[in-house]
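# Chains, contacts and geometry: an overview
So the chains spell out like this:
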Amino acid sequence: MKQVYTPLITFLLFLNILAGQAQVLVSSEFISNTPSALLSLVNNQFPIQYDVDFYKLVYNTVDTQGQPTLASGAIAVPSSTCETLPLLAYCHGTVLRKQDIPSAENGESLIGKLFAGGGYVSIMPDYIGLGESSGLHPYVHAESQATATLDMIRAAREFLSTELDINHNNQLFLTGYSQGGHAAMGTHKYIQDNSLYDEFNVVASAPCSGPYDLSGSQAPVLTSGQPYSNPGYVVYLIMGYQRAYGNLYNTLSDVLKSPYDVDMLTYFDGVQDQYDMGTVNNVLPNVLSDFMQDTTLSNFMSNPNHPLRVALEDNDNFDWTPERPVRMMYCTGDEQVDFSNSISADSAMNANGASDVDAIEVGGNTFNHGACVTPALTETFNFFEPKTTFCGFVQSTENASGGFEFSVYPNPTENNLSVAFPITEGTVDVLNLQGQVMQSQSVNTTVHEFELDQFSAGIYFVRWNHASGTNIQKIIKK
């Protein structure tokens with residue numbers, strides 16, 4: 001563990017700028033350890049295998065103008081004996097208080113811990129304007145969310161290598177919820193648009209309940225004249241985009257009526273750590289026309305070049321063609337982020353020719369925005385799991401058999417597992433995530449049966465050793 005305090009951090013940042021190093025780990029701090037038993041009690045839908053160590057990282061990134069700045073984030077590391085581990089970036093939802101962020105071990109950091117308990121190194125950026133980053137957070141600004149996430153991943157890889165002596169297996173998974181769904185989608189798009197797959201090998205992404213179609217599906221919040229459950233989001237978006245683009249207004253009274261043009265400055269000053277979004281939503285009327293200037297709303301609806309409309313379009317990330325698998329989890333009862341964002345993205349991406357994209361409804365009208373979190377992230381874990389190589393011994397030996405193949409079924413399984421071989425030769429083992437042999441048999445028939453009723457739910461591996469090499473397949477015990 002190392003801790004570096006603010007004056008030294010500033011000096012190191014200056015030296016890194018001089019050296020031309022825009023992305024580098026600045027400091028790390030051990031925060032806590034969470035036992036696997038506790039994580040299992042929190043959510044029994046995830047196959048928790050490990051205790052989790054939790055750290056805060058400070059790192060260099062860039063702001064909305066591409067200038068060097070500091071940011072912070074959290075990394076949750078499973079207490080695993082695996083030789084290599086997959087990386088997962090979790091992008092968090094809307095927060096307003098400066099320290100209501102993953103690196104301060106807020107409530108949402110638990111999501112990253114759950115994924116880490118399942119075998120991933122979970123990387124959670126705080127975003128710029130939050131945590132150790134100065135100024136107001138540029139809310140739902142796609143590019144800065146992406147660059148903060150990618151630079152956090154770079155810092156995390158350096159931390160794993162230099163301070164924990166842990167290797168990653170070059171697999172990266174992306175997810176996030178609400179604003180974090182938008183951030184995860186934008187990060188995936190940024191990687192593809194900038195040809196960064198060699199550095200960031202995205203195996204799959206699963207954005208959840210995100211406003212991907214800001215200028216379309218989400219825009220009726222501004223134009224419908226109907227009450228909105230979270231009016232503070234609108235003020236946050238306007239003031240955040242003012243930081244990013246600088247052209248939405250000259251003074252806040254240009255867009256907000258009195259007294260809100262003054263009152264909102266208290267909440268959105270980029271410093272305060274007292275008031276959350278619930279406070280702001282309670283202060284504002286639910287009907288936008290009651291606190292927004294009529295000219296702002298009418299100009300937004302009539303002028304296709306209105307700066308707010310242009311900013312929303314600039315941050316849309318629904319209409320592109322992912323080259324890697326994408327699943328968008330949503331609930332139709334979401335009162336904050338209209339589920340049509342996911343439907344629009346699914347339609348656009350598939351129309352563009354994407355080969356593996358789908359929007360998945362994980363909850364009906366009975367699931368609002370808050371209730372949708374658990375089924376969305378559980379489905380995300382289940383989507384990622386079959387694509388994940390959790391341990392280095394699997395990566396190093398898989399397909400070393402010179403073309404031999406064997407089959408396992410059913411998979412997933414509850415109790416009984418059948419293993420079928422093309423030849424009767426060698427031994428077959430069932431291993432846990434730590435590489436320990438749980439059962440072993442000599443291969444003397446073409447089909448072997450394993451009883452797994454004594455195994456806890458989770459991920460295991462079937463390894464066949466024979467004269468030509470070794471084959472391994474992953475199985476899931478329900």
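Basis of the calculations
Residues numbered from 1 in each chain as written. Predicted model: local features only at pLDDT ≥ 70, side-chain atom pairs only at ≥ 80, totals over all residues. Heavy atoms only, no water. Pairing = 2+ DSSP bridges. Helix = DSSP H or I, 4+ residues; strand = E, 2+ residues; numbered from the N terminus. Axes fitted to C-alpha atoms, helices over the stretch in contact; angles between N-to-C directions. Salt bridge = Lys/Arg side-chain N within 4 Å of Asp/Glu carboxyl O. Buried < 20%, exposed > 50% of the residue type's maximum accessible area, 1.4 Å probe, protein only. Parallel < 35°, antiparallel > 145°, perpendicular 65-115°, else oblique. Contact = heavy atoms within 4.5 Å. Nonpolar A, V, L, I, M, F, W, Y, C, P; charged D, E, K, R; others polar. Expected span 1.5 Å × (residues − 1). 1 Å grid on protein atoms, 1.4 Å probe; cavity = no way out; pocket = protein on both sides within 12 Å on 5 of 7 lines; lining within 4 Å. Points joined across faces, edges and corners; volume = space filled by probe spheres on them. pLDDT = per-residue confidence, 0-100. Disulfide = S-S within 2.5 Å.

## What about the sheet that holds strand β9 (residues 357-363)?
To summarise the sheet geometry, strands pair through backbone hydrogen bonds and adopt either a parallel or an antiparallel arrangement. Pairing in this open sheet of nine strands is mixed, and the strands run β1-β2-β3-β5-β4-β6-β7-β8-β9 from one edge to the other. The sheet is open, and its two borders are formed by β1 (25-34) and β9, each paired with just one other strand. Averaged over all pairs of adjacent strands, the angle between their axes in this sheet comes to 20°, without regard to strand direction.

## Re the pattern of salt bridges
With the rule as written, the count across this model stands at eleven salt bridges. The closest approach of N and O atoms between Lys56 and Glu132, which form a salt bridge, is 2.7 Å. Remark: Glu132 occurs in the loop between β5 (121-125) and α4 (142-164) and Lys56 occurs in strand β2 (residues 52-62); sequence separation between them is 76 residues. Given a relative accessible area of 16%, Lys56 falls into the buried group.

## Comments concerning the packing of helix α7 (residues 231-245) against helix α11 (residues 307-314)
For the pair α7 and α11, the least separation of the axes is 11 Å and the interaxial angle reads 80°. One way to sum up the angle between α7 and α11 is to call them roughly perpendicular. Contacts between α7 and α11 involve Leu237, Ile238, Tyr241 and Tyr245 on the former and, on the latter, Leu308, Ala311, Leu312 and Asp314. Class assignment of the residues belonging to the contact of α7 with α11 gives a composition of seven nonpolar, no polar and one charged.

## Some thoughts on α7
If you check α7, its first and last C-alpha atoms are 21 Å apart, about what 15 residues at 1.5 Å a residue would give, namely 21 Å. The buried fraction of α7 amounts to 13 of the 15 residues, a majority that puts the element mostly inside the structure. Trailing α7 by a residue or two, Gly246 shows a phi angle of about 75°, which is positive.

## Details of empty space enclosed by the protein
For the structure on display, the rule yields five cavities of 30 Å³ or more. The space that makes up the largest cavity amounts to roughly 250 Å³. Taken together, 19 residues line the largest cavity, and the ones lying closest to its centre are Leu214, Gln218, Tyr228, Tyr233 and Leu237. Of all the secondary-structure elements, those providing two or more residues to the lining of the largest cavity are α6 (220-223) and α7. When the residues that make up the lining of the largest cavity are grouped by side-chain class, the tally is 14 nonpolar, five polar and no charged. Its volume calculated, the second largest cavity comes out at about 60 Å³. Around the second largest cavity, the lining residues are Leu96, Lys98, Gly129, Leu130, Leu136, His137, Tyr236, Tyr267, Gly270, Val271 and Gln272. When its residues are assigned to classes, the lining of the second largest cavity shows six nonpolar, four polar and one charged.

## Here we look at the sheet that holds strand β14 (residues 447-451)
One open sheet accounts for three strands, arranged β10-β11-β14; its pairing is antiparallel. Of all strands in the sheet, those with a lone pairing partner are β10 (407-409) and β14, marking the two edges. This sheet shows a mean twist of 20° between the axes of neighbouring strands, independent of strand direction. Alignment of strand β11 (residues 416-420) against β14, held across five bridges, turns out to be antiparallel. Bridge assignment links Asn416 to a residue of β14, and that residue is Glu451.

## Quick word on the confidence of the model for the protein
Low-pLDDT portions of the prediction should not be read for the details of their coordinates. Chain-level statistics for the protein give a pLDDT mean of 90 and a share of 92% at 70 or above. Overall, residues 393-403 carries pLDDT values under 50, and its contacts beyond four positions in sequence, including any with other chains, amount to 27 contacts.

## Considerations on the state of the cysteines
Taken as a whole and judged by the stated rule, the model has one disulfide. There is a disulfide in this structure between Cys331 and Cys372, and the S-S distance comes to 2.1 Å. Between Cys331 and Cys372, the S-S dihedral sits near 90°, and the bridge is therefore right-handed. Of this pair, Cys331 sits in strand β8 (residues 326-331) while Cys372 sits in the loop between β9 and α13 (373-384); the two residues are 41 residues apart in sequence, bridging distant segments of the chain. Residue Cys331 is classed as buried on the basis of its relative accessible area of 1%. Accessibility expressed as a relative area gives 0% for Cys372, which makes it buried. Cysteine Cys91 is unpaired, with the sulfur of Cys208 as its nearest cysteine sulfur at 11 Å. Of all cysteine sulfurs in the structure, the one in Cys372 sits closest to Cys208, which takes part in no disulfide; the separation is 7.6 Å.

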